[in-house]
Amino acid sequence: MSGLLRVLLAAAVVVLAVVLQVAALPVVSVNGVVPNLVLLVVVAASVVRGPGYGAVVGFAGGLLLDLAPPADHVAGQWALALVLVAALAGRVRTEARHSPLAVVGLVAVCSFVATSVFALTGALLGDHALPAGQMVQVVLIALLWDVVVAPLVVPLLMPVFHRPTTHELAA
Amino acid sequence: MAVRRLRRGAPTPRGSGRPAIHTADRGGFGRQRKRGSGLVVGAMITASVVVLTLDAGGQGDAPVEAARDSVGAVVGPVETATAALARPVREAMAYMSSNKELRDEVATLSSENSRLRHQADQTPLDRQRLAELDGLTRSANETGQALVASRVVAVGPMQSFSRTVTIDAGRSSGVRKDMTVLNNDGLVGRVVRTTRSTATVLLVVDTESVVGGRLGSNREIGFLRGRGVTDGRSRLDLDLADNTVTPAKGDVVVTWGSQGGRPYVAGVPIGRVESVYSTPRELSKQAVIAPFVDFTSLDVVGVVVPRDTEGDRIVLNGEVDQ
């Protein structure tokens, strides 16, 4: 597959994740919390391709999540949270990609970090402030959702970001 | 601050001079690439912080708002299409969960219905009064506003801590910022942002939402604030302006309306007083309001528009077309 096609495919996956997250997944929401598909895309991209690539995917996905309707929070919050997640996931990727269980564990950590970073930046900016107890509840439900959905989604996402090997390039 | 810390934390060893690109796929990522990725991560963090600062500091007309508009123009229709595809699933799930509940409800309602029918037959006087009321409502409708009907196509995730939804009517249907959104049960929220074909609605249960409310029984006014939860327990807090007034439990709260009906038109039912409490620190009495609208299953909503609105959607005037 050519380079441009790969970039387009990755972009399509990010857009699809954002759209599904707001338009289709509210059907299964628990207290309004839905599985964070964009986070799973970012984790998969970082584990396969490393922190640099993951950070670009994280920034693009986060910014789209910040700007696409019905977002009303200060833009950049998800972008920042997901770039940090990419840096984290990219650094432990050698450990993570040899075992599916490690990937699920990584998703759990990343989910916690992402929602917490979002909550903290929101609190700093005084935007849509919720009581701390409720925020913790949201963070935990989100973590559970992401852990449940990760085994179904991440294996599908990894091949999308897979770098072609030298054999494929030569062929 | 975060930028610096992360840059320092990321290991940036000397490059070995080996062109590390396109080497082994597994394990052996070259040092050169590691340093490069640290730079990319730093750049992305900086970019995020720049966006944050632009949006937090800007006064509505910042470049971010333009970006929101163009992203909305592209993503909005995709959301509408996806929601249409997902709707059968949603309806099936709703059917399954509510089937048992509905059967119980049918039994209760049919017994109540026969009792009420009996009462109605006995009191033709009441029916006359009802006809009068009906006329009043109609005239109120005629002098008042019109509705544009639309459907909820996307719901913001709770992870964003804001309660907002996207509806599939936008500027092309005459929907503008700061218009009232309601449904069959009562007040839903107000429009905060529009694109050509969609609009973003801030629900009244959002913590940023403040609505002027009036108690149905004694016309006292106050402000309703959302608590940010939209599950079964979603509630609003009512602060009454007059601290000598104690709202009665079960009292209905309606909007008192703003100048020109924006963002809220007057007289839209919001909810019922569930409990009343007062804190020693605050002078005014506070009441907890249970909203009439079920925010977990929002679907068809109406946007209150001026009567002469023309757009690509039917404007409901409250008149019956013959």
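Below is a summary of the structure that appears in this document. (Residues numbered from 1 in each chain as written. Chains lettered and ligands numbered in written order. Predicted model: local features only at pLDDT ≥ 70, side-chain atom pairs only at ≥ 80, totals over all residues. Heavy atoms only, no water.)

### Focus on the overall build of chain B
Where we set the bar: In DSSP terms, a helix is any run of H or I states spanning at least four residues, a strand is any run of E spanning at least two, and both are numbered starting from the N terminus. Categorising residues by exposure relies on relative accessible area from a 1.4 Å probe, with only protein chains included: less than 20% of the type maximum marks a residue as buried, more than 50% marks it as exposed, and the intermediate range marks it as partly exposed. Contacts are assigned to residue pairs that have any heavy atoms within 4.5 Å of one another. For every accessible area listed, the method is Shrake-Rupley and the probe measures 1.4 Å; residues are considered covered only by the protein chains on display.
The helix and strand inventory of chain B stands at 4 helices and 13 strands. Scored against the burial criterion, the 322 residues of chain B give a buried share of 39%. For chain B, contacts bridging at least 24 residues in sequence account for 58% of all contacts bridging at least 6. Carbon and sulfur atoms make up 56% of the accessible area of chain B, which amounts to about 17900 Å² in all.

### Some remarks on the overall build of chain A
In terms of regular secondary structure, chain A is built from 8 helices and 0 strands. Traced from its N-terminal end to its C-terminal end, chain A shows the element sequence α-α-α-α-α-α-α-α. Excluding contacts between residues fewer than 6 apart, the proportion of contacts in chain A whose partners are at least 24 apart in sequence is 73%. For chain A, the computed accessible surface area is about 6500 Å², with 77% contributed by carbon and sulfur atoms.

### Some remarks on the environment of G212 of chain B
All names here are of chain B. In this structure, G212 sits in strand β6 (residues 210-215). Since its relative accessible area comes to 15%, G212 is described here as buried. Between the C-alpha atoms of G212 and V254, which are 42 residues apart in sequence, the distance is 8.5 Å. In this structure G212 touches G222, F223, L224, V254, T255 and W256, once residues within four positions along its chain are discounted.

### Some words on the interface of chain A and chain B
Stated precisely, the cut-off is as follows: Accessible-area loss on putting two parts together, using a 1.4 Å probe and summing over both, is the definition of buried area adopted here. Any carboxyl oxygen of Asp or Glu that lies within 4 Å of a side-chain nitrogen of Lys or Arg is treated as forming a salt bridge with it. Here a polar contact is taken to be a pair of N or O atoms separated by no more than 3.5 Å, where protein atoms must pair a possible hydrogen donor with a possible acceptor and residues adjacent in sequence count only if both atoms sit in side chains. When residues are grouped by polarity, Ala, Val, Leu, Ile, Met, Phe, Trp, Tyr, Cys and Pro land in nonpolar, Asp, Glu, Lys and Arg in charged, and all others, Gly among them, in polar.
With 65 residues of chain A at the interface, the matching set in chain B holds 63 residues. At the boundary of chain A with chain B, total buried surface from both sides reaches about 5200 Å², with 68% on carbon and sulfur atoms. In this assembly, chain A and chain B are joined by 1 salt bridge. Of the charged contacts, one joins D72 of chain A and R193 of chain B as a salt bridge, the two residues approaching to 3.3 Å between their closest N and O atoms. Taken together, chain A and chain B are joined by 11 residue pairs in polar contact (both at pLDDT 80 or more). When residues of the side of chain A that touches chain B are traced back to their parent elements, those giving at least two are α1 (3-23), α3 (51-67), α4 (77-91), α5 (93-96), α6 (100-125), α7 (132-161) and α8 (166-170) of chain A. Examining the composition of the side of chain A that touches chain B, we find that 9 residues originate from one element, α3 of chain A, more than from any other. Taken together, the residues of the side of chain A that touches chain B sort by class into 39 nonpolar, 18 polar and 8 charged.

### Re the packing of α1 of chain A against helix α2 (residues 37-49) of chain A
Residues and elements named next belong to chain A. This is how it is decided: Between the N-to-C directions of two axes lies an angle of 0 to 180 degrees, each axis being a line fitted to C-alpha atoms and, for a helix, fitted only over the stretch in contact. Should an angle fall under 35 degrees it is called roughly parallel, over 145 degrees roughly antiparallel, and 65 to 115 degrees roughly perpendicular, with every other angle called oblique.
Packing of α1 against α2 brings their axes to within 8 Å, and their N-to-C directions diverge by 155°. Accordingly, the angle class assigned to the pair α1 and α2 is roughly antiparallel. Between α1 and α2, the residues in contact are V13, V14, A17, V18, L20 and Q21 and L37, V38 and V41, respectively. When grouped by side-chain class, the residues that make up the contact of α1 with α2 number 8 nonpolar, 1 polar and no charged.

Any link to function would need more than the numbers given here.
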